Amino acid sequence: MKKKVAFYTLGCKLNFSETSTIARGFVEEGFERVDFSEPADMYVINTCSVTENADKRFKTIVKQAQKKNADAFVAAIGCYAQLKPEDLAVVDGVDLVLGATEKFKITDYINDLTKNDFGEIHSCEIAEADFYVGSYAIGDRTRAFLKVQDGCDYKCTYCTIPLARGISRSDTLRNVLKNAAEISAKDIKEIVLTGVNIGDYGKGEFGNKKHEHTFLDLVQALDRVEGIHRLRISSIEPNLLKNETIDFVAQSNSFVPHFHIPLQSGSDVILKLMRRRYLTHLYIDRVNKIKQVMPNACIGVDVIVGFPGETDEHFLETYHFLNELDISYLHVFTYSERDNTPAASMEGRVPKNVRNKRSRMLRGLSVKKRRAFYESQIGTERTVLFEGENKEGYIHGFTENYVKVKAPWNPELINTLHEIVLTEIDEDGLVRFDFVKEDVGI
């Protein structure tokens, strides 16, 4: 009988790509992969340290695994496992905790899956996380996450990622292209590029800081890979998103007109406290450049509320900045103190009820922005890629510029591309459409 292993991933697209690669390694070692909701001999939890909630959820997930099989071997990997291995090791039921470099060799650390009395820790000094492991995730059949870069050399005062993932380093261009070709051969229509700081691509490609390739080289090379219908840039720092890249995306074969650009604050005072590498005038310039060459582009924004020192005036500055900017939606994060970060000891701590109020205000603004963007797209002709889930009798999909559409459930549409005309916004905020008459699908 094959041993069964199940995985649970917290956090970002990068974590999902790494979980998927680690899972394929287990299958190669003779394990059978099953869903986390099923009984298994081993459960692997890929942790996140970005938000307070991700930390708290870990214990709940361990309990879920134990309910399925009280004797199962439980391993914790990922960012929280690197930052606070002792905290995870003492959680009841945890047998193994692996840090940033060890997680990719997890099968080397397990023997007969006998449970331990205490969680066993194998965690490197983060300075040792200086080599690169390529990975990609295949979730449903329509989209794959392709990791191209890891780590970060930035020193934002609120962020633990450099402590959890180490220095900035990149996959070789040859290996990225090989992985992209493997993905396209599986009839997956869309690839999302992911990493910690993907605009920094090229650094560390050969184990040092020499720049053989740049992010622009990467997107130009990927655009030439046969069989990829769509390429999407997941998130890129505004100071690393160059005009040349924007111009290339505007006329490329496969890259879609969708950018996700972290802002974090619309106040220059707060940006300086955060040690971000740009000010608001550069951000405005990036948005204007994108809209100049791609008027229908979707632009998403990350923003943090309640950072230490953020007064009501600073927050309103952020609110008005975003309200006036030609963007499409927001990802709003409520600031939470993280150990070993400069921001945790800064003066001017914002009360949690105030943080939550500001968060609600920006989430409301996001709804308004998304609605306005969708309204601007009504009557336009787009290409939709349909997903695989039946959601209350409807099938959903995304246009190239990230408008979410819906149609009555039809399994024949799964993982197909179709030319459509957007017609109206439904009560739930999603968009209805008509098929273009001559469309036959891909």
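Novice: I tried to follow the pairing of strand β8 (residues 143-147) on my own but got confused; where do I start?
Specialist: Where a strand is regular, its side chains alternate between the two sheet faces. With five of five residues buried, β8 is to be regarded as a mostly interior element. Direction of pairing for strand β7 (residues 136-138) relative to β8: antiparallel, over a ladder of three bridges. What sits directly across from I138, in β8, is A144. Where β8 and strand β11 (residues 190-194) come together, five bridges link them in parallel fashion. What sits directly across from F145, in β11, is V192.

Novice: Honestly, the nonpolar core in this entry has me stumped. Any pointers?
Specialist: One broad rule of soluble globular proteins: the nonpolar side chains tend to lie buried together. Counting 52 residues, the largest nonpolar core has L146, L193, L218, L222, I290, L322 and L362 as the members making the most contacts within it. Among the elements that take part in this core, helix α7 (residues 215-222) stands out by supplying five residues, more than any other. Excluding its chain neighbours within four sequence positions, the residues that come into contact with L322 are L263, V301, V303, I327, L330, L362, L365 and K369.

Novice: I would appreciate a short explanation of the pattern of salt bridges in the present structure.
Specialist: Opposite charge on two side chains permits them to pair, given that their charged atoms come into close proximity. Under the definition given, this model contains 27 salt bridges. For R165, the salt bridge goes to E18, with nearest N and O atoms at 2.9 Å. Note that R165 is positioned in helix α5 (residues 161-165) and E18 in helix α1 (residues 13-28), a separation of 147 residues in sequence. Taking the relative accessible area as the measure of exposure, R165 reaches 3% and is therefore buried. Among the ionic pairs, D153 bridges to K203, the shortest N-O distance being 3.1 Å.

Novice: Explain the packing of aromatic side chains to me, please; I cannot follow it from the model alone.
Specialist: By convention here, two paired aromatic rings are described through the distance between centres and the angle between planes. A complete count under the given rule lists 14 aromatic pairs for this structure. Arranged with centres 5.5 Å apart and planes meeting at 75 degrees, the rings of F7 and F26 form a pair that is edge-to-face. Placement of F7 in strand β1 (residues 4-9) and of F26 in helix α1 is noted, with a sequence separation of 19 residues between them. On the basis of relative accessibility, which here comes to 9%, the residue F7 falls in the buried class. Measuring from centroid to centroid gives 5.1 Å for Y8 and F36, while their planes differ by 75 degrees, and the two rings are edge-to-face. One end of the pair, Y8, is in strand β1; the other, F36, is in the loop between β2 (32-34) and β3 (42-47), and 28 residues separate them in sequence. In this structure Y8 comes out as partly exposed when scored by relative accessible area, which is 22%. Overall, F36 belongs to the buried group, its relative accessible area being 10%. A connected cluster of aromatic rings, assembled from ring pairs, spans F7, F26 and F31. Just above the ring of Y136 sits the side chain of R24; from NZ or CZ to the centre is 4.1 Å.

Scoring rules and cut-offs
- Residues numbered from 1 in each chain as written.
- Predicted model: local features only at pLDDT ≥ 70, side-chain atom pairs only at ≥ 80, totals over all residues.
- Heavy atoms only, no water.
- Buried < 20%, exposed > 50% of the residue type's maximum accessible area, 1.4 Å probe, protein only.
- Helix = DSSP H or I, 4+ residues; strand = E, 2+ residues; numbered from the N terminus.
- Pairing = 2+ DSSP bridges.
- Core = buried A, V, L, I, M, F, W, Y, C linked by side-chain atoms within 4.5 Å.
- Contact = heavy atoms within 4.5 Å.
- Salt bridge = Lys/Arg side-chain N within 4 Å of Asp/Glu carboxyl O.
- Phe/Tyr/Trp six-rings, centres within 6.5 Å; stacked < 30°, edge-to-face > 60°.
- Lys NZ or Arg CZ within 6 Å of the ring centre and 35° of its normal.

Spatial relationships are all this shows, so hold off on functional conclusions.
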